[in-house]
Amino acid sequence: MCGIVGASAQRNVEPILLEGLRRLEYRGYDSAGMALVNGGVLDRTRAVGKVQALADKLEAEPRPGTLGVAHTRWATHGGVSEINAHPHTSADRVAVVHNGIIENFESLKQRLIEAGYAFTSQTDTEVVAHLIESYLDDSADLAEAVRRAVAELHGAYALAVVSRDDPQTLVATRSGSPLVLGVGIGEHFVASDVAALLPVTRNFVYLEEGDLVVITPDTFAITDLHGAPIERPVKESGLSISATEKGGYRHFMLKEIYEQPQALTDTWQGRLSVDDILASSIGTDAEALLSQVEAIHIVACGTSYHAGLVARYWLEAMARIPCNVELASEYRYRNPVVPKNCLFVTLSQSGETADTLAALRYAKDLPQGQGYLATLAVCNKPESSLTRESDLVMMTRAGPEIGVASTKAFTTQLLCLLLLTGMLDRDAQKRGHLAADIRKIHTAVSQVLELDDAIRHLAEEFVDKQHALFLGRGPMYPIAMEGALKLKEISYLHAEAYAAGELKHGPLALVDENMPVIAVAPKNDWLEKVKSNLQEVSARGGKLYVFADADAGLNTGPGMTVLDMPHVDDTLAPIAYTVPLQLLAYHVAVAKGTDVDQPRNLAKSVTVE
Ligand code: AGP
């Protein structure tokens, strides 16, 4: 949600910042901008739209400089316009890029207007630029001015600041929004995400809440907000540049769908023995801790929330542990009751989702005796806030997910939750069977991917549709919800999911020949019930598209198109049946010509509440 990149180097940093923005574009793509310090002058260029629009402007009018900050925006305060695009400046002297929300910006703005500052945007960020500039007058030190300014800010921020008076120094700080420092040779960088800086360095310092860093080409120094020095380790990133590129695929989303067999294998490797699921793989004390668990609360947003809903079926049916699943944005506002020995589990691809992080912090701050046994993060981003603040961590190991629509992060979350279910199951024999099932996941998902062509043809039938219904039962109900979310998100088609048995309680009224109804029907205990529910749709002239086990006894006929799925074990079905729904959403979006990887109004990492 907004991407920041900044650099101080001995060479022109314009192309480095531009490439950084391209790699951060998944975080927001309403507008982009860059400010460079060159010969005592602050040059700013901004453009509405994608980073390419900024690149075109810079190509027409290059602005070289050895110090600069750049930003790609997902609008919060103020509409999408060049005036609201970052960087924001004050007195042509200070330039600021910001990720987050300054909650008290209105009172600060009033004070700054009274002090004579003229505002040109509707953003919350512009107050930060003027505030820093106001403190620069009392202090020659940019870092000190930033420290004094942020002491007055309420809300969440990652900030990067440059001043034309200080042609080598960039100051950056974070509180509530992610920021990394990139360590080069004769150059240093900051960014919202390591992916932005992979072309220039592999060495990173992950800044913590309240850290402030001052970089020059040759040095970096981290302090707290009072100026006390802080030591943080420099870590080498294992990410390769190719992992963040399309690699011959037309879209990141398609690449990420196809990466799932391998990603899922990476997820379970090292976590299974020949006939068991190894709790020790998530921490040396994990086995002892998990043996005390008597209840589970899962908290997440969006697609990650859907993974939690599937896990509830597994945890209750297999491990017999009561489980409650909740949207993170709701959880901390309703004063939840925490049962005894309850494990608090967060699910997040990014590990930076503001609602999920806030829920984790709320859970950790509950008074002693009313709180949780421990916290566990199931996350895809190493070194993210969520992983650093949780007691236990289970990495999904999906690799970088760039497409805004989550795909491989979801299926690997599901697999982590299946592993967790196994770890909590007291029955050794059942654990052994589950371990054997999990080893088949690569083959199962690879076979499903072979349906890609058939699904592409099917997608053509959706191009002129306005609405769609998704149906499933049991653990396949949240999979139907995920299918509907994928279709909405990237094809802008209105889609809703229902537990198939719920149809007759209202939504059946929507069914006619113009309403495609998509159902997932693996061969499981619910199959016969699902078939009856499909009959209810057929009887009303509805057009059914069913992804069904080849042995389910469902065949293509008038009003019903059946796509035969390979037979998969019950436990793996939610993972396997997600894949055709991802492909369907993808192909409908391609056929409609929408922006698959960067759908309108959305951003990948939602770091604001
Ligand atoms: C999924 O396709 C979404 N783009 C979105 O719902 C996402 O899952 C949600 O914002 C949560 O993100 P997280 O997993 O990074 O916390």
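Nothing here was measured: the structure is a model prediction, and the numbers come from that model.

J.: Please clarify how the site of the ligand should be interpreted in this entry.
T.: The full set close to the ligand counts 14 residues, and S304, S348, Q349, T353 and E489 are the nearest of them. The fraction of the free accessible surface of the ligand (410 Å²) that becomes covered by protein chains is 90%. For the shell around the ligand, the element with the most residues is helix α9 (residues 302-317), which contributes three residues. Its residues assigned to classes, the shell around the ligand shows four nonpolar, eight polar and two charged.

J.: Before we go on, may I ask you to explain helix α16 (residues 452-459) in this structure?
T.: Side chains three or four residues apart in an α-helix point the same way, a direct result of the helix having 3.6 residues per turn. Within α16, burial applies to D452, I455, L458 and A459. Considered in projection along α16, the buried side chains sweep an arc of 120 degrees and stay on one side of the axis. Looking at the packing, one finds that the buried side of α16 touches α6 (252-258), α15 (441-449), β23 (543-549), β24 (560-565) and α19 (573-592).

J.: How should I be thinking about the side chain of R46 in this particular structure?
T.: Inspection of the secondary structure puts R46 in strand β3 (residues 41-48). Within the buried set, R46 has no salt-bridge partner at all; the shortest N-O distance to an opposite charge, 5.2 Å, is to E82. At a separation of 3.1 Å, a polar atom in the side chain of R46 contacts the main-chain carbonyl oxygen of I83. Apart from the residues lying within four places of it in its own chain, the contact partners of R46 are A32, G33, L54, K57, E82, I83, A85, H86, P87 and H88.

J.: Help me out: how do you make sense of the packing of helix α7 (residues 260-268) against α15 in this one?
T.: A packed helix pair is summarised by two numbers, namely the angle formed by the two axes and the spacing between the axes. The interhelical angle for the contact between α7 and α15, taken along N-to-C directions, is 165 degrees, at an axis separation of 8 Å. Taken together, the axes of α7 and α15 are roughly antiparallel relative to one another. You can see that α7 and α15 cross each other, and the crossing is right-handed. Note on element contacts: α15 touches α7 through I441, H442, V445, S446 and L449, opposite Q260, P261, Q262, L264, T265 and W268. Here the contact of α7 with α15 is built from residues that sort into six nonpolar, five polar and no charged.

J.: Explanation requested: the nonpolar core in the structure shown.
T.: Among soluble globular proteins, nonpolar side chains are generally buried collectively. By size, the foremost hydrophobic cluster in this structure holds 93 residues, and its most contacted members are I296, F470 and F547. A per-element tally of this core places α19 first, with twelve residues. Apart from the residues lying within four places of it in its own chain, the contact partners of I296 are L315, I321, P322, C323, N324, C342, L343, V345 and L424.

J.: Can you walk me through the UniProt feature "domain: SIS" (unreviewed entry) in the protein chain in this structure?
T.: In the UniProt entry, the feature "domain: SIS" (unreviewed entry) is given for residues 286-430 and 458-599. With 42% helix and 19% strand, residues 286-430 has end C-alpha atoms that lie 20 Å from one another. Structurally, residues 458-599 comprises 35% helix and 22% strand, and the distance from its first C-alpha atom to its last is 22 Å.

About the cut-offs
- Residues numbered from 1 in each chain as written.
- Predicted model: local features only at pLDDT ≥ 70, side-chain atom pairs only at ≥ 80, totals over all residues.
- Heavy atoms only, no water.
- Near = heavy atom within 4 Å.
- Areas by Shrake-Rupley, 256 points an atom, 1.4 Å probe, with all protein chains shown as cover.
- Helix = DSSP H or I, 4+ residues; strand = E, 2+ residues; numbered from the N terminus.
- Nonpolar A, V, L, I, M, F, W, Y, C, P; charged D, E, K, R; others polar.
- Buried < 20%, exposed > 50% of the residue type's maximum accessible area, 1.4 Å probe, protein only.
- Arc of directions from axis to C-beta.
- Contact = heavy atoms within 4.5 Å.
- Lys, Arg positive; Asp, Glu negative; His and termini not counted.
- Salt bridge = Lys/Arg side-chain N within 4 Å of Asp/Glu carboxyl O.
- Polar contact = N/O pair within 3.5 Å; in protein donor to acceptor, adjacent residues only side chain to side chain.
- Axes fitted to C-alpha atoms, helices over the stretch in contact; angles between N-to-C directions.
- Parallel < 35°, antiparallel > 145°, perpendicular 65-115°, else oblique.
- Left-handed = near helix turned anticlockwise from the far one by under 90°.
- Core = buried A, V, L, I, M, F, W, Y, C linked by side-chain atoms within 4.5 Å.
- UniProt positions renumbered as here; feature names shortened; annotations may be inferred.

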